[in-house]
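Structural characterization, general
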Amino acid sequence: MSEQKIQKSLFLYLKRKYKRAKEEVPALNRRADIVYINEKKELVTIEVKLKNWKQAIRQAVDHQLYADRAYICMPQNIKTNKRLTDELSKHGVGLLLVNVSNKRIYVKTEIEAERTKYYWKQTRVRVENLIYA
Amino acid sequence: MPDSFYHSARFTNHTEKLFFLGKFKNGYYDAVIMNGSIVAHSSKATSTFILKLKKHFIIDPMTHAFQHDIKYLKNDSGKVKQSLVSLSNAYGDPVKSLIEEEESVDATSFNKQNTKDFVEKVLRFQLELLPQIVNTGPFSDYINYALKDKRNDLSRDHIKPSLLIAPYLYIENVKDIDVNENFISSSEELIEQESFGKELATQLVISAEAFQSKDMRDKILAIYKETTTSRVFLWIDGFKEEEVSVDELEDLKSFVESLSTNGKKVVSLYGGYFSLLLTKARHGFVGVCHGMEHGESRSVVPVGGGVSRAMYYFPPFHKRLRRADTARIFKRNQFDEEKGSQDPNFAKKVCSCDYCKDIPTMFEETKKGYSTGNAKRQTLGHYLENKKQEYDYVKRSSLPKLLKLLNDAHQEFKETTFPEDIAHLQRWKNVMEEKKNLLEVKSKDTKVEIKKVVL
């Protein structure tokens, strides 16, 4: 399954669940694949990648500048290894694993993202306005 | 005595006038290098700009432009950019006909018969076009009228370029070097015959692949070291000083050293802080040129154009950072972005310029996530202030001191940034320390004083 299809399936799932969700949100020279507001009113970002977890983590670290929590999302069959989990832990980025089959999506929070400590205020305000618009 | 091209700036379009005139005119750069295409396409506006600028300048004839695949010369409408058409008209054949047929020029386009004529047109274009606009024809009446009013602050004194550049091809293979050698000899003959009264310089524009080959570098050096021109402007396609390896930096350093051992003055056409450090080498660059914010490296294609983004020039790293990386470093170091340079800690460790009093403006974004015009102007002002400080500080400081500062910056920020973002500091330091025969230009170490700039 392609990255785009996973992203779309995940986005539709989050939109149904949380209502306030957007795709391809531009901020700080990047675009977050998915941004949504969870049940705790936290602003959460997700970067979807099939393989390149290093790049995904780097992007997620950028999103931490305005998000409360930042995740990367990969296919369920990915082999998580110590390098990946160490890097995630180092940056406080979470990991979601997904499986899309028979038009159903299964999402598992493999590693919880840490709550970020600081924002870049003006970007946070701008993204919040986009989500709540 | 510093070289007259020590701190040069590249003028590529008229929106940059704001930064060449006004507060940045005096004390920020020594010379201007103008794109030939803008001179050909907007000669009246360019001549007025030169009259106001009152600094010495040269025109890059951009003869390499016509070598590239025609798709790189076209605008969004699918037509060859008008500025390049104007330039090709000024140069005549073989360039003019080939561009009309939407074909590229190459080494085989030039022969004994057409080389002399082409060389003459290229040199006369540089020497005569702007003075002709100013001194003859209907536009000169307007200029004469404007010159009489002292409030306009215009002067004819620098209307001619300070030197001429021989036509050149972009070097990808040996044939290109041979053609360039013919261009240089033909230019030398012509300047002497016609008593142009101007120094001749050469421009070396080399493909990344050619430069990586030691054979090609040796062949280039064998020819260019022996030319009688006293000055060489060097541009290596897409060479990013903060990204290339130690080996590539070593190759650049030894190439410049070899090129300048016969007394040739070598200027980096698109250079950053590493090129500036190379001015401290015994046989290094004598000057470095940069564009407005995004001109410390450049690819030869596309020819002209390119969209600048508002990236923050981070002085301790001597490079531009993406906004996200800048924001992260600010936050992790607990710099208050609302205060910026009014925060003493920020002023000491990062920048004390007046533009940094307003960090939020530098980060302004449109709804689509692009930098606003204000953001671009603010980051560019900050960049130019820091460039001036860098050039001045390097000029008066010893190389060991400058290298120590690279190390200090690495130590200061290594915990709060990604390793790959500062690894270049160590690479630069290692390369500049390595050569045993490296002698620095004598200079006194002076106390670092970060001055607040008054708007």
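Here, the structure is the one placed above.
For the structure given in this document, a descriptive report is provided here. (Residues numbered from 1 in each chain as written. Chains lettered and ligands numbered in written order. Predicted model: local features only at pLDDT ≥ 70, side-chain atom pairs only at ≥ 80, totals over all residues. Heavy atoms only, no water.)

**Thoughts on the overall build of chain A**
Operational definition: Secondary structure counts use DSSP, requiring at least four H or I residues in a row for a helix and at least two E residues in a row for a strand, with both numbered from the N terminus. In this setup the radius of gyration rests on C-alpha atoms only. A globule is expected at 2.2 Å times the number of residues raised to 0.38. Whether a residue is buried, partly exposed or exposed follows from its accessible area with a 1.4 Å probe, protein chains only, as a fraction of its type maximum: under 20%, in between, or over 50%, in that order. A contact between two residues is defined here by any heavy atoms of the two lying within 4.5 Å. Accessible areas in this description were obtained via Shrake-Rupley with a 1.4 Å probe; residue shielding takes into account the shown protein chains only. Only four residue types enter the charge count: Lys and Arg as positive, Asp and Glu as negative, with His and the chain ends excluded. Throughout, a charge is located at the NZ atom of Lys, the CZ atom of Arg, the CG atom of Asp or the CD atom of Glu.
Helices and strands together make up the secondary structure of chain A, namely four helices and six strands. Start at the N end of chain A and walk to the C end: the helices and strands fall as α-β-β-β-α-β-α-β-β-α. For 133 residues, the compact-globule formula gives about 14 Å, and the C-alpha radius of gyration of chain A, at 14 Å, lands near that figure. Projected onto the principal axes, the alpha-carbon positions of chain A cover approximately 40 × 30 × 25 Å. Looking at the 133 residues of chain A, the share that counts as buried comes to 50%. Expressed as a percentage of contacts within chain A between residues at least 6 apart in sequence, the contacts between residues at least 24 apart total 53%. On chain A, roughly 7,000 Å² of surface is accessible, and the fraction owed to carbon and sulfur atoms is 48%. Between the mean site of the 29 positive side-chain charges and the mean site of the 15 negative ones, chain A shows a separation of 4 Å.

**Some points on empty space enclosed by the protein**
Residue and element names in this part refer to chain B. To keep it simple, the criterion reads: Computed over the protein atoms alone on a 1 Å grid, cavities are sets of points where a 1.4 Å probe fits but cannot get out and pockets are open sets with protein on both sides within 12 Å along at least five of seven lines; a residue lines them when it has an atom within 4 Å of a point. Grid points are joined across faces, edges and corners, and a volume is the space filled by probe spheres set on the points. Residue polarity is assigned by list, with Asp, Glu, Lys and Arg as charged and Ala, Val, Leu, Ile, Met, Phe, Trp, Tyr, Cys and Pro as nonpolar; anything else, Gly included, falls into the polar class.
One pass over the full model with this rule turns up four cavities of 30 Å³ or more. Considered as a void within the structure, the largest cavity measures approximately 110 Å³ in volume. Leu234, Ile236, Phe239, Ser268 and Tyr270 are, among the 13 residues lining the largest cavity, the residues nearest its centre. Residue composition of the lining of the largest cavity, grouped by class: eight nonpolar, three polar and two charged.

**Quick notes on the sheet that holds strand β5 (residues 94-101) of chain A**
All names here are of chain A. Keep this limit in mind: Note on pairing: two strands pair once DSSP finds at least 2 bridges between them. To obtain an axis, a line is fitted to C-alpha atoms, over the contacting stretch when the element is a helix, and the angle between two such axes runs from 0 to 180 degrees between their N-to-C directions.
Overall, mixed pairing links the six strands, which are arranged β1-β2-β3-β4-β5-β6 in an open sheet. Strands with a single pairing partner mark the edges of an open sheet, and in this sheet they are β1 (21-27) and β6 (104-111). Put simply, the sheet's adjacent strands are angled 35° from each other on average, direction ignored. In the sheet, β5 pairs with β6 via seven bridges, with the strands oriented antiparallel. Counterpart to Leu97 in the pairing with β6 is Lys108.

**Regarding the interface of chain B and chain A**
Inclusion rule: Two parts lose some accessible area (1.4 Å probe) when they are put together, and adding that loss for both gives the buried area. For this analysis, a salt bridge means a side-chain nitrogen from Lys or Arg found within 4 Å of a carboxyl oxygen belonging to Asp or Glu.
Taken together, the contact pairs 24 residues of chain B with 18 residues of chain A. Roughly 2,000 Å² is buried in total at the junction of chain B and chain A, and carbon and sulfur atoms are behind 49% of that figure. Where chain B touches chain A, the interface holds six salt bridges. Linking Arg58 of chain A and Asp421 of chain B is a salt bridge whose minimum nitrogen-to-oxygen distance equals 3.1 Å. Elements supplying a minimum of two residues to the side of chain B that touches chain A: α13 (323-332), α15 (359-362) and α18 (419-434) of chain B. Top contributing element to the side of chain B that touches chain A by residue count: α13 of chain B, with eight residues. Here the residues of the side of chain B that touches chain A sort into seven nonpolar, two polar and 15 charged.

**Concerning the environment of Val95 of chain B**
Residue and element names in this part refer to chain B. When you line up the elements, Val95 lands in helix α5 (residues 95-100). For Val95, a relative accessible area of 1% gives the class buried. Residues Val95 and Ser109 lie 14 residues apart in sequence; the distance between their C-alpha atoms is 8.4 Å.

**Overview of the state of the cysteines**
Rule in force here: In this description, a disulfide is simply a cysteine sulfur pair whose atoms lie within 2.5 Å.
In total, this model carries zero disulfides over all chains according to the counting rule given. Cys353 of chain B takes part in no disulfide bond, and the closest cysteine sulfur to it belongs to Cys351 of chain B, at a distance of 3.5 Å.

**Describing the environment of Val93 of chain A**
Residues and elements named next belong to chain A. Within the element layout of this structure, Val93 appears in the loop between α3 (82-91) and β5. Judged by relative accessible area, Val93 falls into the buried class, the value being 1%. Those residues in contact with Val93 that sit more than four places away from it in its chain are Ala60, Val61, Gln64, Ala70, Tyr71, Ile72, Leu88, Ile111 and Ala113.

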